[in-house]
Amino acid sequence: MASTAFDYSQWPPSLTDDQIGALTQHATTYVLSHGLTYLPPSATQPPSPSSVIHAPISLLPSPIPRSLFERAQQLQSSYNILYARVAMDDDFLDKVMGAVEGVGKADEFVGTLWRGWKAIRDEGIVQARLQPLHLGLFRSDYLLHTGGEDGTISLKQVEFNTISSSFGPLSERAAAMHRYLYALTNYYGVLPWLKSENFPLNDTTARLAEGLAEAHKAYGVPGAYVLFVVQPNERNVFDQRWLEYELLEKHFICVVRQTFEELASSATLDADTRILRLAIAPALSLSGSESSLEISTVYFRAGYVPSDYPTTTHYATRFTLERSRAIKCPTIPLQLAGGKKVQEFLSRPGVVEQFIRDTDARDIVTGAKDLRETWMSMWSLDDPNPPVAPADHAIQQCTDEPRGTTYARALADSLVLKPQREGGGNNVYKQDIPPFLETLPMQDREAWIAMQLILPPQGVGSYLIRAGGSTPGGNKTVRSETVSELGIFGWALFSCETGVRERGDAGWLVRTKGVESNEGGVAAGFSVLDSVVLVDR
Ligand code: ADP
Ligand code: MG
């Protein structure tokens, strides 16, 4: 351990151009040979790819205080249980996300998913008995926050993902790449923190595959397949393939990949048993002779954005899968539980306490109070009486004050507005908020929440390498001032009858972006894959 406390302004350590050049060559060669890759951009992906490019990466890991990293891992079990319980509470989801009382009134996408789920529930109790289990592969995202009292740094949650929580396997490989660079070069001895005991293990691939394998086992038909529902022309296939390889090699479970479009003609449900089968070309089956596959588990890597459902048939296909006996990762209610509106609702007085109770202390280290400590203030845009202190009526003020007044501008600077969307690029930040609110019809406000901005450490930097192929003539490593977002994975297999079987701390992810960008998506092109170096302050 270094004898002096870590100071963020020391980061990144200085490297010479030659050192940067050598590290860049080692890093890009390593990640290309270890599958930290994407398919190259192209309008349509060939069925059998012939080339790859590497993902955007950072040359150095990013410093995270050891105590906060450990805290984030401890919190994960509580978050797994919290979101499992939210997903099992139909009344709560109807109220918050439904199309009669909740967000689904104002948001067509949420409303359509909710109506499909409601119709299935109305078909009767039989459905619930056929498959009561839900599987969640989760990721809780955090930024470090410097805005607290006495200058301490704390951990604040950005969002909680319940569908298509991606970049687990690729982030494991980003961590391995940084360990490799350290083993090879000792990072030229530039900082005492860069040493092996400060590089935490990352075993995300094995842990996430374990969640899928537990669901498959619970389904109880060893020869059944796991279905990955994927987007057409997906470029981030390797992040998904690593999970497939792990399922086959460690658990002897086969995966079949299909888009909603393909499933519309291949998927059938048995009328009595609701067993989900896919018609396939025999060459695609294990034996080479089967023409239909029974599906144990449906893992969605699509279906979280409206553009995944260009026609009503796409929604109908989603509902067919939901109605089936296969275990869904996630079910529609679990997807709805990941809505930003749920996050805001949980933060209201007494709400999270209905889901995480004192009696849970036997099983989980962190309670409702600890979860609350990770939250920024959040508001509903349509609530005439926000249940928060008057000084926090920021949204009210932004809306009421004439645009551009000093007060409204100052308030807007501390906020982000979020709709019920995933995948990046949807939020409205700071000074864009007042003009945006002026054009947002009253009836649409319910679809949005406002969140106080997290203030990450300033003056921190990193060396970033863009995705392969994006710089003509080779890679250029750029030193930038950066913000890093930590994601902690976890999974839960649960039902009202069996309760929650879960695994907290199923690995982690760091994405780093330049400070000039508000957003943080890797696939959306805003940030790079990174890893952690633990530091003590
Ligand atoms: P999405 O579902 O699109 O990923 P997020 O809630 O994760 O939505 O927001 C996208 C990005 O916006 C985050 O990765 C983060 O960089 C930034 N962001 C979101 N909320 C905040 C916040 N409260 N403070 C600072 N940055 C935020
Ligand atoms: Mg996000």
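Conventions used here
Along each chain, the written sequence defines residue order, and numbers are assigned to residues from 1. To read the labels, note that chains go from A and ligands from 1, taken in the order they are written. Residue-level local features of this predicted model are given only where pLDDT is at least 70; pairs of side-chain atoms are given and counted only at 80 or more, and the full residue set underlies all totals for whole chains, interfaces and linings. Computation of side-chain values covers all heavy atoms of the structure but excludes hydrogens and water. Partly exposed residues are those whose accessible area sits between 20% and 50% of the maximum for their type, while under 20% is buried and over 50% is exposed, using a 1.4 Å probe and protein chains only. Working definition: helices are DSSP H or I runs of at least four residues, strands are E runs of at least two. Numbering for both runs from the N terminus. At least two DSSP bridges between two strands are required for those strands to pair. The term salt bridge refers to a pairing of a side-chain nitrogen on Lys or Arg with a carboxyl oxygen on Asp or Glu at a separation within 4 Å. You can read pLDDT as the predictor saying how much it trusts each residue, on a scale of 0 to 100. Two residues qualify as a contact provided that any one of their heavy atoms is within 4.5 Å of a heavy atom in the partner residue. We call a set of buried residues a nonpolar core when its members are Ala, Val, Leu, Ile, Met, Phe, Trp, Tyr or Cys and they connect through side-chain atoms within 4.5 Å of each other. Any helix carries an expected span of 1.5 Å times its number of residues minus one. Nearness is defined per residue: one heavy atom within 4 Å of the molecule or strand is enough. The definition of a polar contact used here is a pair of N or O atoms within 3.5 Å, where within protein one atom must be able to donate a hydrogen and the other to accept one, and adjacent residues in sequence count solely through side-chain atom pairs. Accessible surface is estimated by sampling points in the Shrake-Rupley manner with a 1.4 Å probe; for residues, cover comes only from the protein chains shown. In the scheme used here, Gly and all other residues not listed as nonpolar or charged are polar, with Ala, Val, Leu, Ile, Met, Phe, Trp, Tyr, Cys and Pro taken as nonpolar and Asp, Glu, Lys and Arg as charged. Only Phe, Tyr and Trp rings take part, Trp by its six-membered ring, and two of them pair if their centres are within 6.5 Å. Stacked means planes under 30 degrees apart, edge-to-face means over 60, and tilted covers everything else. Geometrically, a charge over a ring is one whose NZ (Lys) or CZ (Arg) sits within 6 Å of the ring centre while staying within 35 degrees of the ring normal.

**A short note on the pairing of strand β16 (residues 448-452)**
In step 1: A large share of β16 lies buried, amounting to 4 of its 5 residues.
In step 2: Where strand β13 (residues 378-380) and β16 come together, 3 bridges link them in antiparallel fashion. The partner of methionine 378 across the bridge, within β16, is methionine 451.

**Quick look at the pattern of salt bridges**
In step 1: The final tally for this structure, using the stated rule, is 29 salt bridges.
In step 2: Here lysine 118 makes a salt bridge to aspartate 122, at a shortest N to O gap of 3.2 Å. With lysine 118 and aspartate 122 both in helix α4 (residues 108-122) and 4 residues apart, this pair spans about one turn of that helix.
In step 3: For lysine 118, a relative accessible area of 27% translates into the label partly exposed.

**Notes on the confidence of the model for the chain**
In step 1: When pLDDT is averaged along the chain, the result is 90; 92% of the residues meet or exceed 70.
In step 2: Ignoring residues within four places in sequence, the model shows residues 386-392, a span with pLDDT below 50, making 9 contacts including any to other chains.

**Some details on the nonpolar core**
In step 1: Core analysis: the largest hydrophobic core is formed by 150 residues, its most contacted members being Leu82 and Leu346.
In step 2: In terms of residues, this core owes the most to one element, helix α2 (residues 66-87), which gives 11 residues.
In step 3: Once you skip the residues sitting within four places of it in the chain, leucine 346 turns out to touch Leu82, Tyr83, Val86, Phe92, Val351, Val352, Phe355, Arg372 and Trp375.
In step 4: By size, the runner-up hydrophobic cluster in this structure holds 13 residues, among which are Leu417, Val428, Ile433 and Ala450.

**Thoughts on the sheet that holds β13**
In step 1: One open sheet holds the 4 strands; their spatial order is β13-β16-β14-β15, and the pairing between them is antiparallel. Only two strands of the sheet have a single partner each, and these edge strands are β13 and β15 (428-429).
In step 2: As paired strands, strand β14 (residues 415-419) and β16 are joined by 5 bridges and run antiparallel to one another. Residue pairing across strands places proline 419 opposite tryptophan 448, the latter belonging to β16.

**Concerning unusual backbone geometry**
In step 1: Omega for the bond connecting tryptophan 11 with proline 12 falls within 30 degrees of zero, at 10°, which places this linkage in the cis form.
In step 2: Assignment of secondary structure puts proline 12 in the segment before α1 (17-33).
In step 3: Cis geometry is found at the peptide bond from cysteine 329 to proline 330, where omega equals 0°.
In step 4: Structurally, proline 330 is set in the loop between β12 (327-329) and α11 (332-337).
In step 5: A positive phi angle, close to 45°, is found at tyrosine 187, a residue other than glycine.
In step 6: Here tyrosine 187 lies in the loop between α6 (168-185) and α7 (204-219).
In step 7: For phenylalanine 252, which is not glycine, the phi torsion reads 60° and is therefore positive.
In step 8: Note on placement: phenylalanine 252 falls in the loop between α8 (237-251) and β8 (255-258).

**Details of the pairing of strand β4 (residues 62-65)**
In step 1: What you see with β4 is no split at all: Ser62 and Ile64 on one side and Pro63 and Pro65 on the other are buried throughout.
In step 2: Relative to strand β22 (residues 532-535), β4 runs parallel, the two sharing 4 bridges. By the bridge assignment for β22, proline 65 is matched with valine 535.

**As for α6**
In step 1: The terminal C-alpha atoms of α6 lie 26 Å apart, and with 18 residues this matches the ideal 26 Å at 1.5 Å per residue to within 8%.
In step 2: Most of α6 is tucked away: 14 of the 18 residues are buried.

**Looking at the site of ligand 1**
In step 1: Ligand 1 sits among 21 residues. The nearest are Lys340, Lys418, Gly424, Tyr429 and Glu485.
In step 2: Within the backbone of glycine 424, one N or O atom sits 2.7 Å away from an oxygen atom of ligand 1.
In step 3: Here ligand 1, which alone exposes 540 Å², has 95% of that area covered by the protein.
In step 4: Of all elements in the fold, only β6 (154-161), β14 and β16 reach the threshold of two or more residues within the shell around ligand 1.
In step 5: Here the residues of the shell around ligand 1 are counted per class, giving 7 nonpolar, 6 polar and 8 charged.

**Quick notes on the side chain of serine 495**
In step 1: Mapping serine 495 onto the fold places it in strand β18 (residues 477-495).
In step 2: In this structure serine 495 comes out as buried when scored by relative accessible area, which is 1%.

**As for the environment of glutamate 422**
In step 1: Relative to the helices and strands, glutamate 422 is located in the loop between β14 and β15.
In step 2: A relative accessible area of 16% means that glutamate 422 is categorised as buried.
In step 3: For glutamate 422 and glycine 116, which are 306 residues apart along the polypeptide, the C-alpha to C-alpha distance reads 20 Å.
In step 4: Setting aside residues up to four positions removed in sequence, glutamate 422 forms contacts with Glu159, Asn161, Tyr304, Val305, Gly338 and Lys340.

**Remarks on the packing of aromatic side chains**
In step 1: According to the stated counting rule, one finds 19 aromatic pairs in the structure shown.
In step 2: With 5.7 Å between their ring centres and 90° between their planes, phenylalanine 92 and phenylalanine 345 make a pair best called edge-to-face. In this pair, phenylalanine 92 is assigned in helix α3 (residues 90-97) and phenylalanine 345 in helix α12 (residues 340-346), connecting sequence segments 253 residues apart.
In step 3: We classify phenylalanine 92 as buried; its relative accessible area is 8%.
In step 4: A residue is classified by how much of its surface remains accessible, and phenylalanine 345, at 13% relative accessible area, is buried.
In step 5: A connected cluster of aromatic rings, assembled from ring pairs, spans Phe109, Phe260, Phe300, Tyr309, Tyr315 and Phe319.
In step 6: Stacked on the ring of phenylalanine 300, the Lys or Arg arginine 318 has its end atom at 4.3 Å from the ring centre.
In step 7: Lying over the aromatic face of phenylalanine 345, arginine 348 brings its terminal NZ or CZ to 4.0 Å of the ring centre.

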